[in-house]
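Descriptive structure summary
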Amino acid sequence: MNAPALAAAGTATPADAGYAERLLRWFDINGRHDLPWQHPRTPYRVWLSEIMLQQTQVKTAIPYFERFVAALPTLPALAAAPGDDVMALWSGLGYYARARNLQAAARRCMEQHGGELPRDIDALTALPGIGRSTAAAILSQAWGDRHAILDGNVKRVLARYHGIDGYPGQPAVEKQLWQRAESHLPSARMADYTQAQMDLGATLCTRADPACVLCPLQDDCVARREGRVAELPTPKPGKPVPQKHACVLWLENADGEVLMLRRPPTGIWASLWTLPQADDASASRAWFEHEARGDFSRAKALPPIDHAFSHYKLRLQPLRLRDVALHGRVGDNADLRWVARGEFASLGMPAPIRKLLETKLEP
DNA sequence: AAATCGGGGTT
DNA sequence: AACCCAGATTT
């Protein structure tokens, strides 16, 4: 294949014309046409799906999406909802800043854009939680507007197709990928084209064991021709992650309710409800003796929970204590309260804490 | 056990 | 511009 004309990046050149055509022809037969956000394909539903899909795979996102749009079917409904409701609907998906940004953006749309998502790439990108790729995905899918996306799937496809070396998260590499993405845009069918790219990357040009023999782009794929499919895209340079430890207190009152507190609005597990946590057992004891009455030595250590973040590993040691009463009146502090088992579903909680609290224990 | 994913925040 | 942060899932 001839070297593509870099000067022409941004417009489809004759040399590129086949890319979108072949991809769309493949999509018509093999693409995903029944995703819940495609029917009906409204700006609000596309937006919500794109935010969920930023760090979550389609299969995982679908039940969350269904539940979310059933509870909050429109942008004004999202804007008007209590923040706790939004967090509860997001609970388990991870990256909770996405949910807070989502609602903040909805509220800004109510104030500045007449209660609708703006149909303008710059206005969209200015909203919290929406960057260049997400804005492009919304506009192309909701309206058919001509913008290139560059998510993880597209990065992988383009890195292989053009044989681009270097970690795609690196700015210089990402810049090249954007240029390639712009160069392949078709002149019509943008909604299908955007979905087709994501489908190709998700179902066929996968990270491990891609199905190259089925690929509509295999004839011009540099990685395929040079036998470098397995080594592209270049993996992220690894770093050792530190191991951290903490204790969590599982305190129950005489009614079997669990003491929970709301974490601060920034940092890890922001705004989520969780168990009282301290760096070690003696700090847990100090917290307990300050807040509660009872014999701390009765606390029973449960099996530790291991949880992995991208930048550190956390081992949580749960300490369970029952028939606990507090010194003060809990009702005075909205961020610390007794929670009945039946209320768990309505609170946003980190996945490992929810799992811990739902483990069956002897009475 | 390690890699992954897009946007926002900080330096 | 170049890191750093956030978390559940998949491999």
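Residues numbered from 1 in each chain as written. Chains lettered and ligands numbered in written order. Predicted model: local features only at pLDDT ≥ 70, side-chain atom pairs only at ≥ 80, totals over all residues. Heavy atoms only, no water.

**A word on the packing of helix H3 (residues 58-71) against helix H5 (residues 83-90)**
- Close contact between H3 and H5 brings their axes to 9 Å; oriented N to C, the two are set at 155°. In terms of orientation, H3 lies roughly antiparallel with respect to H5. In terms of crossing hand, the pair formed by H3 and H5 is right-handed. Residues Tyr64, Arg67, Phe68 and Ala71 of H3 form the contact with H5, whose participating residues are Val86, Ala88, Leu89 and Trp90.
- Of the residues contributing to the contact of H3 with H5, the split by class is seven nonpolar, no polar and one charged. (Axes fitted to C-alpha atoms, helices over the stretch in contact; angles between N-to-C directions. Helix = DSSP H or I, 4+ residues; strand = E, 2+ residues; numbered from the N terminus. Parallel < 35°, antiparallel > 145°, perpendicular 65-115°, else oblique. Left-handed = near helix turned anticlockwise from the far one by under 90°. Contact = heavy atoms within 4.5 Å. Nonpolar A, V, L, I, M, F, W, Y, C, P; charged D, E, K, R; others polar.)

**Considerations on the protein's contact with DNA strand B**
- Taken together, the neighbourhood of DNA strand B is formed by 15 residues, with Gln55, Gly129, Thr134, Asp151 and Gly152 sitting nearest.
- Looking at DNA strand B alone, sugar and phosphate atoms form 76% of those within 4 Å of the protein.
- With respect to DNA strand B, the side chain of Gln55 contributes an N or O atom lying 2.3 Å from a base nitrogen.
- The contact in question runs from a phosphate oxygen of DNA strand B to an N or O atom on the side chain of Thr134, over 2.6 Å. (Near = heavy atom within 4 Å. Polar contact = N/O pair within 3.5 Å; in protein donor to acceptor, adjacent residues only side chain to side chain.)

**Regarding the layout of surface pockets**
- Taken as a whole, the largest pocket encloses approximately 820 Å³ of empty space.
- Forming the boundary of the largest pocket are 30 residues, of which Leu53, Gln54, Asp151, Gly152 and Asn153 lie nearest the centre.
- When grouped by side-chain class, the residues that make up the lining of the largest pocket number ten nonpolar, twelve polar and eight charged. (1 Å grid on protein atoms, 1.4 Å probe; cavity = no way out; pocket = protein on both sides within 12 Å on 5 of 7 lines; lining within 4 Å. Points joined across faces, edges and corners; volume = space filled by probe spheres on them.)

**Thoughts on the packing of helix H8 (residues 132-143) against helix H11 (residues 190-203)**
- Across the interface, H8 lies against H11 with an axial gap of 6 Å and an inter-helix angle of 130°. If you check the angle between H8 and H11, you find them oblique. Side by side, H8 and H11 meet where Ala137, Ser140 and Gln141 of the first sit next to Met190, Ala191, Thr194, Gln195 and Met198 of the second.
- Grouping the amino acids of the contact of H8 with H11 by side-chain chemistry returns four nonpolar, four polar and no charged.

**Things to note about the nonpolar core**
- Counting residues in hydrophobic clusters, the biggest one holds 61 residues, and the most contacted among them are Trp47, Phe68, Trp90 and Met260.
- Residue-level mapping places this core at the junction of two domains, with at least three residues from each of domain 1 (6-231) and domain 2 (243-357).
- Look past the residues within four positions of Met260 in its chain and what remains in contact with it is Trp273, Thr274, Leu275, Asp335, Leu336, Arg337, Val339, Phe344, Met349, Ile353 and Leu357.
- In this structure, Tyr19, Trp26, Tyr161 and Leu177 belong to the second largest nonpolar core, which totals 36 residues. (Core = buried A, V, L, I, M, F, W, Y, C linked by side-chain atoms within 4.5 Å. Buried < 20%, exposed > 50% of the residue type's maximum accessible area, 1.4 Å probe, protein only. Domains from an automatic or database assignment.)

**Here's the deal with the environment of Trp90**
- Along the chain, Trp90 turns up in helix H5.
- Overall, Trp90 belongs to the buried group, its relative accessible area being 0%.
- Apart from the residues lying within four places of it in its own chain, the contact partners of Trp90 are Leu48, Ile51, Met52, Tyr64, Arg67, Phe68, Tyr95, Tyr96, Arg98, Ala99 and Leu102.
- At 3.2 Å, the side chain of Trp90 and the backbone oxygen of Gly94 are in polar contact.

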